[in-house]
Amino acid sequence: MLVDGRSLTAALDPAKSRLPSDRERAFLQTLCYGTLRWYFRLDLILQQLLRKPFNKKDLDIYVLALLGLYQIAYTRVKPYAAVAETVAAAEHKKWAKPFLNAVLRSYLRGREEFDKIVDRDDEGRTGHPLWLLRELQHCWPDHADAMCAANNTQAPMVLRVNRKRCGREDYIGLLRAADLEAFPVQCNPEAVQLVDAVDVDRLPGFHEGLVSVQDCAAQFAARLIDAQAGHRVLDACAAPGGKTAHILEVSPSLDELVALDINPERAVKITRNLDRLGLRATVLTGDLLDPSAWWDGRGFNRILLDLPCSATGVIRRHPDIKVLRRPEDIEALSETQRNLLEAAWSMLAPRGLLVYSTCSVLAQENHEQIARFMESHQEVREIPIESHWGIRCPRGRQILPGESGMDGFYYARLSRDR
Ligand SMILES: C[S@@+](CC[C@H](N)C(=O)[O-])C[C@H]1O[C@@H](n2cnc3c(N)ncnc32)[C@H](O)[C@@H]1O
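Residues numbered from 1 in each chain as written. Predicted model: local features only at pLDDT ≥ 70, side-chain atom pairs only at ≥ 80, totals over all residues. Heavy atoms only, no water.

**Some remarks on the overall build of the chain**
Worth spelling out the cut-off: A helix here means a DSSP run of H or I that spans at least four residues, while a strand means a run of E at least two residues long, and both kinds are numbered starting from the N terminus. With C-alpha atoms as the basis for the radius of gyration, the globule rule is written as 2.2 Å multiplied by the number of residues raised to the power 0.38. Here the term buried applies to any residue with accessible area under 20% of the maximum for its type, exposed to any over 50%, and partly exposed to those in between, with areas from a 1.4 Å probe on protein chains only. Contacts are assigned to residue pairs that have any heavy atoms within 4.5 Å of one another. For the area figures, the Shrake-Rupley method with a 1.4 Å probe applies, and any residue is considered shielded solely by the protein chains shown. His is not counted, nor are the chain ends; Lys and Arg add positive charge and Asp and Glu add negative charge. Just so you know, the charge point we use is NZ for Lys, CZ for Arg, CG for Asp and CD for Glu.
A tally of regular secondary structure across the chain gives 16 helices and 13 strands. For a compact globule of 418 residues, the expected C-alpha radius of gyration is about 22 Å, and the chain comes in at 23 Å, within 12% of that figure. For the chain, the spread of C-alpha atoms along the three principal axes comes to 70 × 50 × 40 Å. By residue count, 52% of the 418 residues in the chain fall in the buried class. When contacts within the chain are restricted to residue pairs at least 6 apart in sequence, those whose partners lie at least 24 apart make up 71%. Per element, the accessible surface of the chain, about 19,500 Å² overall, is 51% carbon and sulfur. Side chains of the chain carry 55 positive and 56 negative charges; the gap between the two charge centres is 3 Å.

Written out as structure tokens, the structure reads:
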């Protein structure tokens with residue numbers, strides 16, 4: 001992924017499928033996630049240890065060095081084993097074995113000193129690229145350090161119980177019977193947090209639709225949209241369908257829920273998810289910006305606009321964001337979001353409600369976007385979100401990563417007078 005810009009999941013899945021046991025797959029995942037989580041710190045440590053930078057053709061050895069440093073600094077792998085295994089993995093390049101041995105042993109000998117040096121550097125201290133750290137400090141001066149610390153932790157596995165099929169306490173009982181420890185999360189009536197993450201195959205009734213995996217912050221959308229019997233609802237950026245399914249689970253008989261997504265492969269996942277949960281919606285592959293191709297012109301009473309965004313609120317789950325995202329992406333994303341909001345708004349029925357949401361923590365994608373939109377649309381009225389979670393923004397509400405264990409998320413509710 002460092003070479004071709006693929007996401008960590010896309011790069012890791014094929015590699016994991018080649019390993020024979022769950023244990024090995026889990027270890028590979030821990031190594032890759034952890035190394036990327038601390039990439040900016042580990043890279044700086046490595047720079048202290050090198051006499052000259054790596055050649056491009058030796059990227060494999062560079063990555064091995066990072067993996068070795070990660071194991072020494074952040075895991076319970078015995079240091080001598082971390083060194084030995086890393087060196088052994090360089091079998092294909094003879095010169096690299098003594099090189100890696102020397103680099104990792106130097107770190108082991110002078111660890112405290114090297115750590116102190118990188119602690120004096122903002123990227124090294126926080127494990128975030130400087131441009132992103134500055135953005136976070138600009139948007140959230142009092143919270144930036146805590147946010148970086150939260151971003152560097154492992155996210156909990158949170159479930160959403162399908163209460164059409166099973167009560168929350170009953171499901172916790174099923175988990176207990178399967179030797180899985182879990183507790184109810186207060187923020188949301190369907191949310192259950194597992195003490196230890198597991199593969200979904202181990203979740204009782206997962207394939208029968210009793211439960212889905214969804215962070216607590218994402219579970220606010222279905223209630224904020226306030227869909228009522230007879231309403232026509234559009235989930236405008238729906239795939240893979242987490243929020244579509246939740247709306248259907250908690251809303252009384254809707255007239256119709258249209259779940260739209262531009263990406264055909266992702267749209268298939270909506271149908272698959274709904275089938276698993278025993279739910280029905282009109283699933284369409286289409287571009288929100290080109291409604292003539294899929295819209296019959298009838299206004300929607302409710303629209304959920306869960307936009308593509310920088311995903312800076314979910315870095316815990318996707319540490320590769322810190323490496324892959326570029327500063328110029330934010331302006332481009334903000335422009336896309338502006339266009340998508342304009343398009344969705346034009347489909348909202350009079351007195352309808354639109355919920356705008358992102359898993360970003362950047363003002364440009366969130367409250368500044370809403371403020372700008374409201375300046376150019378006199379008919380928009382913000383319906384403030386009164387809640388015990390999140391931080392009130394000039395427009396909308398922001399959950400910062402780590403608040404009550406949640407992902408970072410932004411929500412705003414807009415209604416139209418005419
Ligand atoms: C944040 S994800 C949505 C997650 C989803 N709401 C859920 O809870 O499972 C954003 C989605 O927007 C879709 N998207 C991006 N541009 C779009 C467009 N012009 N029209 C429709 N969907 C679009 C992407 O394919 C992506 O699946």
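Anyway, onward from the coordinates.
**A closer look at the site of the ligand**
Applied cut-off: If a single non-hydrogen atom of a residue is within 4 Å of a molecule or strand, that residue counts as near it. Here a polar contact means two N or O atoms within 3.5 Å. Within protein one must be a hydrogen donor candidate and the other an acceptor candidate, and residues neighboring in sequence count only if both atoms are side-chain atoms.
K243, D261, R266, D287 and D306 are the nearest of the 19 residues found near the ligand. A distance of 2.9 Å separates an oxygen atom of the ligand from a polar side-chain atom of K243. Note that a nitrogen atom of the ligand is positioned 2.9 Å from one of the backbone N or O atoms of L288. Calculation on the ligand without its partners gives an accessible area of 610 Å², and the protein chains cover 85% of this total.

**Remarks on the domain arrangement of the chain**
Put simply, the test is: The source of the domain bounds is an automatic or database domain assignment. In this description, buried area is defined as the sum, over both parts, of the accessible area (probe of 1.4 Å) that is lost when the two are combined.
By domain assignment, the chain separates into domain 1 (38–127), domain 2 (157–213) and domain 3 (217–416). Using only C-alpha atoms to locate each centre, domain 2 and domain 3 end up separated by 25 Å. Counting from both sides, the interface comprises 19 residues of domain 2 and, opposite them, 16 residues of domain 3. Buried surface at the junction of domain 2 and domain 3, both sides included, amounts to about 1,400 Å², of which 42% is carbon and sulfur. Three residues stand out in domain 2 for area buried against domain 3, namely R160, C187 and N188, and they jointly supply 41% of the buried area on that side.

**Observations concerning the sheet that holds strand 3 (residues 191–194)**
Quick reminder of the rule: Each pair of strands is called paired provided DSSP finds at least two bridges between the two strands. With axes taken as lines fitted to C-alpha atoms, and helix axes fitted only over the stretch in contact, angles between N-to-C directions fall between 0 and 180 degrees.
In space, the 4 strands of this open sheet follow the order 2-3-1-4, with antiparallel pairing throughout. A single partner strand is all that each edge strand has here, and the edge strands are strand 2 (182–184) and strand 4 (211–213). Between one strand axis and the next, the sheet turns through 30° on average, direction left out of account. Relative to strand 4, strand 1 (residues 157–161) is paired through 3 bridges, and the arrangement is antiparallel.

**Focus on the pairing of strand 6 (residues 256–261)**
The condition that has to hold: Look down the strands so they point away from you; if going from the first strand over the helix to the second traces a clockwise path, that crossover is right-handed.
Summarising burial for strand 6: 6 of the 6 residues are buried, a large majority. In strand 6, alternate side chains face the same way, and those of E256, V258 and L260 on one face and L257, A259 and D261 on the other are all buried. Pairing of strand 5 (residues 232–235) with strand 6, which is carried by 4 bridges, proceeds in the parallel orientation. If you follow R232 over to strand 6, its bridge partner there is E256. Running through helix 12 (residues 242–250), the crossover from strand 5 to the neighbouring parallel element strand 6 is right-handed. Pairing geometry for strand 6 and strand 7 (residues 282–285), over 4 bridges, is parallel. Among the inter-strand pairings, L260 is bridged to a residue of strand 7, identified as L284.

**Examining the nonpolar core**
Heads up, the rule is: In plain words, nonpolar cores are sets of buried Ala, Val, Leu, Ile, Met, Phe, Trp, Tyr and Cys residues tied together by side-chain atoms within 4.5 Å.
Counting 81 residues, the largest nonpolar core has L234, L288, I303, L305, L354, Y356 and Y411 as its most contacted members. Broken down by element, the residue count for this core peaks at 6 residues, all from helix 15 (residues 327–345). Inspection of this core shows a minimum of three residues originating in each of domain 2 (157–213) and domain 3 (217–416). Ignoring sequence-local partners within four residues, the contact set of L354 consists of I303, L305, L341, A344, W345, L348, A412, R413 and L414. Formed by 37 residues, the second largest nonpolar core is a distinct cluster that contains L50, Y62, A90 and L104.

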